[in-house]
Amino acid sequence: MIFEVVTSTILGAISLKAYRSKSGVGNDSKKINKIFALSGLNVKDGNQTLTAQQIKKRNYDWGVEYRYRIPLGRSFEDYLVKQKVIESGINTRSVKIKLKDLKEFKLDRNIFSNIKSLYTKKLTDRKEIELSYDGLLIIRVYNEPMPTMISFQEGKEWKVVFGATRSRNKLIFHDFEKIPHLCLGGATRYGKSNLINCIITSLIKQQPDNVKLHLIDLKGGVELCDYENVKQTVSIAYEPEEALETLANAYNLMRKKQDILRKAGKKKVEDAGINERHFIIIDEVGELNPDEAVSKEEKVLKRECQKYMSQISRLGAGLGFRLILATQYGTGDIIPRQCKQNSDAKLCFRVQSGVASRVVLDTDGAEALPKIKGRAIYQMADERTIVQTPLITPEDIEKTITPYIVQKREVVTVEATKHETGRNSIVITKTGLS
């Protein structure tokens, strides 16, 4: 009898604490304000100290969202730089019990050890935060971390799964019909090449008869060599000289498609009922940076490559040509400006600095991502989402491409020539590739 009374009292006290936590009692508001002050985010104006003003707080199942009005003299980037400081400050050792934690509790003699285990787990849990801005500073404090691994999943039509959000059942899809060009960035070993493999494998799986691949792997072929002999691959390059041939061939095929549409009186491949789509994918576009050339000839070659990339990015969308550029380099004009401006979608994994983040995203943020492989910022226009990108295995790739491997295929090479009248014409030749 005494045991039941004691345990009921303990559970009642825990339940009350859990209810108060769920209701927002004892939230992180005061802690965040103190962090602002101690980290130098407040602004001195004479004898006044201006700080971020909390406008709204809202509780969700996943955590709490705070909205602040930023004081004059501060920008969103100032707070973004301090994201790690804010997150560390929130993660002081404290315990909050939620009602759902108590559902599996039983009134038996193991209850004290169960409570101890629950508190131990809670003490080791870490909250994660996200910062965003829509006229107000938005701080989202999450009770549970994002998943650190999700498996490769098939998309649909021209949509490819780019990852899972904090809502564990919600997947983010990138639709290449709506947003044709994409820039990828991030430090080495964080997931760029893995995502490229996800994209290629998804497209082959979903559109085996319509996707055409122009692949440039400037890591010596170690990333994209699996696709060398699949029927969907039009051309593959492993060196800058081969990259120029692949880009020139893709460009000339694009101009041929333009001639077809013009004769048909159509503006886009969709209007003409053309289902074929060409993907020009370059893994490590930094290797085509003319500023890093060691000779005059190499500089001319790389400038030609960048010229073709820029032309494809400007003209390719309506003609069914999509450009995907990936780089790990964090400085300089690595991604041609025309390509970047015409890529409405960007995805960046963790990088070492705000400068490196701006190379891909045009803004800071990727340097504040946790050191988790596959964690990235997916950005479309002003919309930014943190995602955990899928992990694809060699078995996933092999299973998808095996039915499409050919022993020998003919590569169509299209060259643009000019008649005496100055008008372009197309010369098509075929070469064998074993």
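Thresholds, definitions, all that
- Residues numbered from 1 in each chain as written.
- Predicted model: local features only at pLDDT ≥ 70, side-chain atom pairs only at ≥ 80, totals over all residues.
- Heavy atoms only, no water.
- Helix = DSSP H or I, 4+ residues; strand = E, 2+ residues; numbered from the N terminus.
- Buried < 20%, exposed > 50% of the residue type's maximum accessible area, 1.4 Å probe, protein only.
- Areas by Shrake-Rupley, 256 points an atom, 1.4 Å probe, with all protein chains shown as cover.
- Core = buried A, V, L, I, M, F, W, Y, C linked by side-chain atoms within 4.5 Å.
- Contact = heavy atoms within 4.5 Å.
- Pairing = 2+ DSSP bridges.
- Axes fitted to C-alpha atoms, helices over the stretch in contact; angles between N-to-C directions.
- Patch = residues over 30% accessible without salt bridge, like charges linked within 9 Å, V, L, I, M, F, W, Y side chains within 5 Å.
- Salt bridge = Lys/Arg side-chain N within 4 Å of Asp/Glu carboxyl O.
- Lys, Arg positive; Asp, Glu negative; His and termini not counted.
- Charge placed at Lys NZ, Arg CZ, Asp CG, Glu CD.

Q: Give me the lowdown on the overall build of the protein chain, citing residues and values where you can.
A: Per the secondary structure count, the protein chain includes eleven helices and 20 strands. Out of the 434 residues belonging to the protein chain, those deemed buried represent 49%. Just so you have it, the protein chain exposes about 22,600 Å², and 49% of that area is on carbon and sulfur atoms.

Q: Residue-level account of unusual backbone geometry, with values.
A: Residues other than glycine seldom take positive phi values, yet glutamate 284 does so here, at roughly 80 degrees. Here glutamate 284 lies in the loop between strand E13 (277-283) and helix H8 (296-315). For glutamate 284, a relative accessible area of 3% gives the class buried. Even without being glycine, aspartate 362 reaches a positive phi, approximately 70 degrees.

Q: Would you mind going over the nonpolar core in detail, with residue names and values included?
A: Looking at soluble globular proteins, one finds that nonpolar side chains tend to be buried together. Membership of the largest hydrophobic core comes to 39 residues, with the highest contact counts inside it found for Phe162, Ile199, Ile200, Tyr227, Phe279 and Leu347. At seven residues, helix H6 (residues 192-206) tops the list of elements feeding residues into this core. Discounting chain neighbours no more than four positions away, the residues touching isoleucine 199 are Val160, Phe162, Phe176, Leu182 and Ile324. Of all hydrophobic cores here, the second largest spans 31 residues; its members include Cys183, Ile274, Ile280 and Phe321.

Q: Give a detailed account of the sheet that holds strand E4 (residues 63-69), specifying residues and quantitative values.
A: Sheet strands associate in pairs through backbone hydrogen bonding, adopting either a parallel or an antiparallel arrangement. The strand order across the open sheet formed by four strands is E3-E4-E6-E5, and the pairing between neighbours is antiparallel. The open sheet terminates on both sides in strands that have one partner only, identified here as strand E3 (53-59) and strand E5 (128-133). If you compare each strand with its neighbour and ignore which way they point, the axes differ by 20 degrees on average. Sheet analysis places E4 next to strand E6 (residues 137-142), joined by six bridges and oriented antiparallel. Following the sheet pairing, valine 64 is matched in E6 by valine 141. Set on the sheet, helix H2 (residues 29-38) makes contact with E3, E4 and E6; between it and E4 the angle comes to about 45 degrees.

Q: Now, about a negative patch on the surface: what can you tell me, with residues and values included?
A: On the surface, Glu239, Glu241, Glu242 and Glu245 cluster together into a negatively charged patch. Take glutamate 245: it is sitting in helix H7 (residues 240-264).

Q: Give me the lowdown on the pairing of E4, citing residues and values where you can.
A: Look at any regular strand and the pattern is simple: side chains alternate between the two faces of the sheet. In terms of residue burial, E4 counts as a mostly covered element, since six of its seven residues are buried. Note that E3 and E4 share six bridges and pair antiparallel. Within E4, the residue paired with glutamine 54 across the bridge is tyrosine 68. Here E3 folds back onto E4, and the loop between the two strands holds three residues.

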